[in-house]
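# Structural overview
Single-letter residue listing:
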Amino acid sequence: MTQSNHQSQRREFLLRIGAVAGSTLLVPFIHGCESTELYTLPPLHVTVDFNVANSPYTALKTVGSSVDVSFGNVDGVLVRVSEAEIIGVSRVCPHQQGNVTWDNAAKALVCATHKAKFANTGAVVTQPNNGDKLTTMLPAWQVTFDAATGKVTVKT
Ligand code: FES
């Protein structure tokens, strides 16, 4: 091997290492460009009263069922989790604002976008599956339910 041939191979090797190192350094930079803002809970400002027996939400007469609602400008989901309890949470995922729905088989609220899973209290059960930032808990509403009369009061 000649001196010039050896130098040429060494130069090519260093260029390849540099390309790999450069792309490795670029990955955190690209991730750093993404938004880090999490969705924040709308203020508690809407109170809605209805009766499960004679309202648009009669599905709530059945344990395990859920209904999507929009009260004011706030989208949420109400779930009849037991004979005595209805819960309500925001339908907007705090992670990256995906749509959250009730999965009755899993007894959990699941985000369609990155499959984060939340308990019916809004607590995080499973973090998003995209390896990005973590989600915070799902904003929960204040819901009172009188099973004897069917009266529901929701405060967002
Ligand atoms: S937007 Fe809900 S898990 Fe990512």
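Please refer to the structure higher up on the page.
The structure presented is a predicted model; accordingly, all values stated were derived computationally and were not measured.

## Considerations on the sheet that holds strand S5 (residues 100-103)
Taken in spatial order, the four strands line up as S5-S6-S7-S8 in an open sheet, and their pairing is antiparallel. Each having just a single partner strand, S5 and strand S8 (124-126) make up the two edges of the open sheet. In this sheet, S8 lies alongside strand S7 (residues 117-118) in antiparallel orientation, the contact comprising two bridges. In the strand pairing of S8, lysine 117 is matched with threonine 126.

## Considering the side chain of serine 65
If you trace the backbone, serine 65 turns up in the loop between strand S1 (47-51) and strand S2 (66-71). With a relative accessible area of 16%, serine 65 lands in the buried category. One polar contact links the side chain of serine 65 to the main-chain carbonyl oxygen of alanine 59, over a distance of 2.4 Å. Side-chain polar atoms of serine 65 contact the backbone oxygen of threonine 62, separated by 2.6 Å. Those residues in contact with serine 65 that lie beyond four places of it in its chain are Ala59, Leu60, Leu78, Val79 and Arg80.

## Focus on the nonpolar core
Within the largest apolar cluster, 17 residues are counted, with the highest numbers of intra-cluster contacts made by Phe50, Phe71 and Leu78. If you list the elements that add at least two residues to this core, you get S1, S2, strand S3 (74-80), strand S9 (142-146) and strand S10 (151-155). One finds Val79, Cys93, Leu109 and Leu138 within the second-largest nonpolar core, a separate group that totals 12 residues.

## Observations regarding the side chain of serine 90
Following the sequence through the fold, serine 90 ends up in strand S4 (residues 86-90). Of the polar contacts made by the side chain of serine 90, one reaches the backbone nitrogen of valine 92; its length is 3.0 Å.

## Here's the deal with the packing of aromatic side chains
Two descriptors summarise a pair of aromatic rings, namely the distance from one centre to the other and the angle between the planes of the rings. Going through the model one piece at a time under the given rule, you end up with three aromatic pairs. Centre to centre, the rings of tyrosine 57 and phenylalanine 71 are 6.1 Å apart; their planes meet at 85 degrees, and the pair counts as edge-to-face. On the criterion of sequence distance, the pair formed by tyrosine 57 in the loop between S1 and S2 and phenylalanine 71 in strand S2 is long-range, its members being 14 residues apart. Using a relative accessible area of 6% as the deciding quantity, one classes phenylalanine 71 as buried. Considering the side-chain rings of phenylalanine 71 and tryptophan 141, the 5.9 Å spacing of their centres and the 35 degrees angle between planes classify their relative orientation as tilted. With a gap of 70 residues between them, phenylalanine 71 in strand S2 and tryptophan 141 in the loop between S8 and S9 connect regions that are remote in the sequence. Each member of the pair, phenylalanine 71 as well as tryptophan 141, is classed as buried. Joined through ring pairs, the aromatic side chains of Phe50, Tyr57, Phe71 and Trp141 make up one cluster.

About the cut-offs
Residues numbered from 1 in each chain as written. Predicted model: local features only at pLDDT ≥ 70, side-chain atom pairs only at ≥ 80, totals over all residues. Heavy atoms only, no water. Pairing = 2+ DSSP bridges. Helix = DSSP H or I, 4+ residues; strand = E, 2+ residues; numbered from the N terminus. Buried < 20%, exposed > 50% of the residue type's maximum accessible area, 1.4 Å probe, protein only. Polar contact = N/O pair within 3.5 Å; in protein donor to acceptor, adjacent residues only side chain to side chain. Contact = heavy atoms within 4.5 Å. Core = buried A, V, L, I, M, F, W, Y, C linked by side-chain atoms within 4.5 Å. Phe/Tyr/Trp six-rings, centres within 6.5 Å; stacked < 30°, edge-to-face > 60°.

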